[in-house]
Amino acid sequence: MKVVILGGDGFCGWPTSLHLSNAGHEVIIVDNLSRRNIDNELEAGSLTPISPMGVRLQAWKEVSGKEIQFHKIDIVEEYDRLLKLLSEERPDAIVHFAEQRAAPYSMKSPRHRRYTVNNNINATHNTLCAIAELGLDTHLVHLGTMGVYGYGTAGMKIPEGYLDIEVVTENGERIPQQILYPPNPGSIYHMTKTQDQLLFAYYNKNDGVRVTDLHQGIVWGTDTEQTKLDERLINRFDYDGDYGTVLNRFLMQAAIGYPLTVHGTGGQTRAFIHIQNTVRCIELALQYPPEKGERVKILNQMTETHRVRDLARLIGKLTDTEVAYVENPRKEAAENDLKVDNSCFLEMGLKPTTLAEGLLHEVTEIAKKYADNADLSKIPCTSVWTKEQKAGVPQVK
Ligand code: NAD
Ligand code: USQ
């Protein structure tokens, strides 16, 4: 398959590009390198030393003998260049990672809210618009989020995108229907993902665009089989208060003996998936595209759910690190249960990497190895959801 990877320089996009190239697909990366610029803006880089794109691609050629193309295109600001690339390449599939993906960054200030809405919704719309304008039969695979559902379901397992309901007519007839699961975003970032869903439904209905929307949980881990092959191929590892996600932050904090920063009571339950499983899921989604005329295919891309305080206790015990309960800088339910249906990927053959298998590797091989790169002042979460809230800063002895 010829596959264009939008956002192929990022945390999920880079290892996916390598995984697909390794599997024999022709891979073309498109990225505007905005994530690297945000590192500069926040003065907080990846814990792992990520190489420039040219070095990454040269290393991959040396290691695998395979070539990956790269085009530096901003898919929001440079629609014409995106259109030209797609019309020349006519890819079988596009994998779309190219959005601003951090909830805290999206809440940082009015500028960050506006940037996130503008970037994310237009990135998705421009991609759909280009596919429709060119009349391509390209399969679009998008990285969405579990957060579109909200995280509370009153004990019900969250279905894969669509909810079975019954419409009761005026004369009492009950008609079964399926609707998009009602969106309930918890940040401006998550809200853009709920808007993406409507764009997909519309272009699917109006222009017949074939779309798979992957509702992914929190990704943890760093290495995949390919990124391990050469240090120049290493994946990024975010640990700062805006981009670091909870489990990778705890692993890094444990490696340097920093108290594990649990927000509030830590009663929040979230879905998780290892990066090696992420890249496999995308390969599977490409392998099983929706048929022409089929509605948007929605899959839940996660393997486990965990409560934040349970994760902290587990890692704290494993590494003898203190757990700190800090003020929650977010506006979110203090406690929630979460059950998720992920049977589609399991039926396609996904073999989950569990926490038990990967945690210690991450602490010792990645977080401890690169601990000297850590800037402790960047760990606290300083972005707050409302003006009344305070940052989640632990007392560090
Ligand atoms: P990332 O920020 O590391 O990567 C995103 C990439 O897209 C970056 O390289 C960035 O430069 C690029 N990009 C952004 N806007 C662009 C534009 N306008 N034009 C061209 N390139 C652009 O994020 P990630 O962690 O790899 O996440 C990828 C996708 O997966 C996101 O859409 C995110 O919402 C989703 N996702 C991520 C996680 C996670 O835990 N990391 C979990 C669920 C879903
Ligand atoms: N949290 C802590 N301590 C921390 C950091 C976070 O307790 O130091 C808590 C948060 O308050 C939240 C939970 O952990 O309750 C998850 O936070 P997170 O930053 O790990 O995840 P989130 O903001 O939801 O975003 C991440 C990715 C996003 C993706 C989403 C999937 O950045 O791109 O869409 O996970 S999901 O959470 O399933 O919606």
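Section: the nonpolar core
Point 1. Counting 38 residues, the largest nonpolar core has Leu-6 and Leu-128 as the members making the most contacts within it.
Point 2. Excluding anything up to four places from it in sequence, Leu-128 contacts Leu-140, Leu-199, Phe-200, Tyr-203, Val-209 and Val-211.
Point 3. With 33 residues, the next largest nonpolar core counts Val-27, Ile-273, Ile-275 and Met-348 among its residues.

Quick word on the site of ligand 2
Point 1. Surveying the vicinity of ligand 2 reveals 22 residues, the closest of which are Thr-145, Tyr-189, Val-246, Thr-261 and Glu-332.
Point 2. Between ligand 2 and the protein, one listed contact pairs an oxygen atom with a backbone N or O atom of Arg-101 at 2.8 Å.
Point 3. A distance of 2.6 Å separates a nitrogen atom of ligand 2 from a polar backbone atom of Thr-261.
Point 4. Per-element tally for the shell around ligand 2: the top contributor is strand S11 (residues 260-263), with 3 residues.

Let's talk about the pairing of strand S8 (residues 174-180)
Point 1. Examined bridge by bridge, strand S7 (residues 162-168) and S8 share 7 bridges and lie antiparallel to one another. Residue Leu-163 lies in a different strand from S8, and its bridge partner there is Ile-179.
Point 2. What sits between the antiparallel neighbours S7 and S8 is a turn of 5 residues, in which Gly-172 has the positive phi angle 85 degrees.

A short note on the site of ligand 1
Point 1. Residues in contact with ligand 1 amount to 27 residues; listed here are only the nearest, Cys-12, Asp-31, Asn-119, Tyr-189 and Lys-193.
Point 2. Within the contact set of ligand 1, a nitrogen atom lies 3.1 Å away from a side-chain nitrogen or oxygen of Asn-32.
Point 3. The fraction of the free accessible surface of ligand 1 (820 Å²) that becomes covered by protein chains is 97%.
Point 4. Counting residues per element, the ones that place at least two in the shell around ligand 1 are helix H2 (34-42), strand S5 (139-145), helix H7 (188-207) and strand S10 (218-220).

Some remarks on the sheet that holds strand S12 (residues 269-274)
The pairing of strands in a sheet comes from backbone hydrogen bonds and takes either a parallel or an antiparallel form.
Point 1. Spatially, the 3 strands line up as an open sheet ordered S10-S12-S14, and their pairing is mixed. Single-partner strands in this sheet number two, and they are S10 and strand S14 (304-307). Direction aside, neighbouring strands of the sheet carry axes that sit 45 degrees apart on average.
Point 2. Pairing analysis gives 3 bridges linking S10 to S12, with the strands arranged parallel. Bridging across to S12, Val-219 finds its partner in Ile-273.
Point 3. Packed onto the sheet, helix H8 (residues 246-256) meets S10 and S12 and runs at close to 35 degrees relative to S10.
Point 4. Taken strand by strand, helix H12 (residues 355-368) contacts S10, S12 and S14, and its axis lies near 55 degrees from that of S10.

Here we look at the state of the cysteines
Point 1. For the coordinates displayed, the defined rule picks out 0 disulfides.
Point 2. Lacking any disulfide linkage, Cys-281 is separated from the closest cysteine sulfur, that of Cys-344, by 11 Å.
Point 3. A relative accessible area of 1% means that Cys-281 is categorised as buried.

Some words on the environment of Glu-357
Point 1. Considering the arrangement of structural elements, one finds Glu-357 in helix H12.
Point 2. Along the chain, Glu-357 and Val-148 lie 209 residues apart, while their C-alpha atoms are 29 Å from each other.
Point 3. At 2.9 Å, the side chain of Glu-357 and the side chain of Thr-354 are in polar contact.

Considerations on the pattern of salt bridges
Point 1. Throughout the structure, instances matching the rule amount to 25 salt bridges.
Point 2. With a closest N to O distance of 3.1 Å, Glu-41 and Arg-111 form a salt bridge. Within this pair, whereas Glu-41 is found in helix H2, its partner Arg-111 is found in helix H6 (residues 110-134), the two being separated by 70 residues in sequence.
Point 3. On the basis of relative accessible area, Arg-111 is assigned to the partly exposed category, the value being 49%.

Here's the deal with the sheet that holds strand S4 (residues 93-96)
Point 1. What the 7 strands build is an open sheet, ordered S3-S2-S1-S4-S5-S9-S13; its pairing is parallel. Each having just a single partner strand, strand S3 (69-71) and strand S13 (297-301) make up the two edges of the open sheet. The mean inter-strand angle of the sheet, taken between neighbouring strand axes irrespective of direction, is 20 degrees.
Point 2. Sheet topology places S5 next to strand S9 (residues 210-216); 7 bridges connect them, and they run parallel.

A few points about the side chain of Arg-35
Point 1. When you line up the elements, Arg-35 lands in helix H2.
Point 2. In terms of polar contacts, Arg-35 uses its side chain to reach the side chain of Asp-238, at 2.9 Å.
Point 3. Arg-35 has contacts with Arg-236, Asp-238 and Tyr-243, leaving out every residue within four places of it along the chain.

Conventions and cut-offs
Residues numbered from 1 in each chain as written. Chains lettered and ligands numbered in written order. Predicted model: local features only at pLDDT ≥ 70, side-chain atom pairs only at ≥ 80, totals over all residues. Heavy atoms only, no water. Core = buried A, V, L, I, M, F, W, Y, C linked by side-chain atoms within 4.5 Å. Buried < 20%, exposed > 50% of the residue type's maximum accessible area, 1.4 Å probe, protein only. Contact = heavy atoms within 4.5 Å. Near = heavy atom within 4 Å. Polar contact = N/O pair within 3.5 Å; in protein donor to acceptor, adjacent residues only side chain to side chain. Helix = DSSP H or I, 4+ residues; strand = E, 2+ residues; numbered from the N terminus. Pairing = 2+ DSSP bridges. Areas by Shrake-Rupley, 256 points an atom, 1.4 Å probe, with all protein chains shown as cover. Axes fitted to C-alpha atoms, helices over the stretch in contact; angles between N-to-C directions. Disulfide = S-S within 2.5 Å. Salt bridge = Lys/Arg side-chain N within 4 Å of Asp/Glu carboxyl O.

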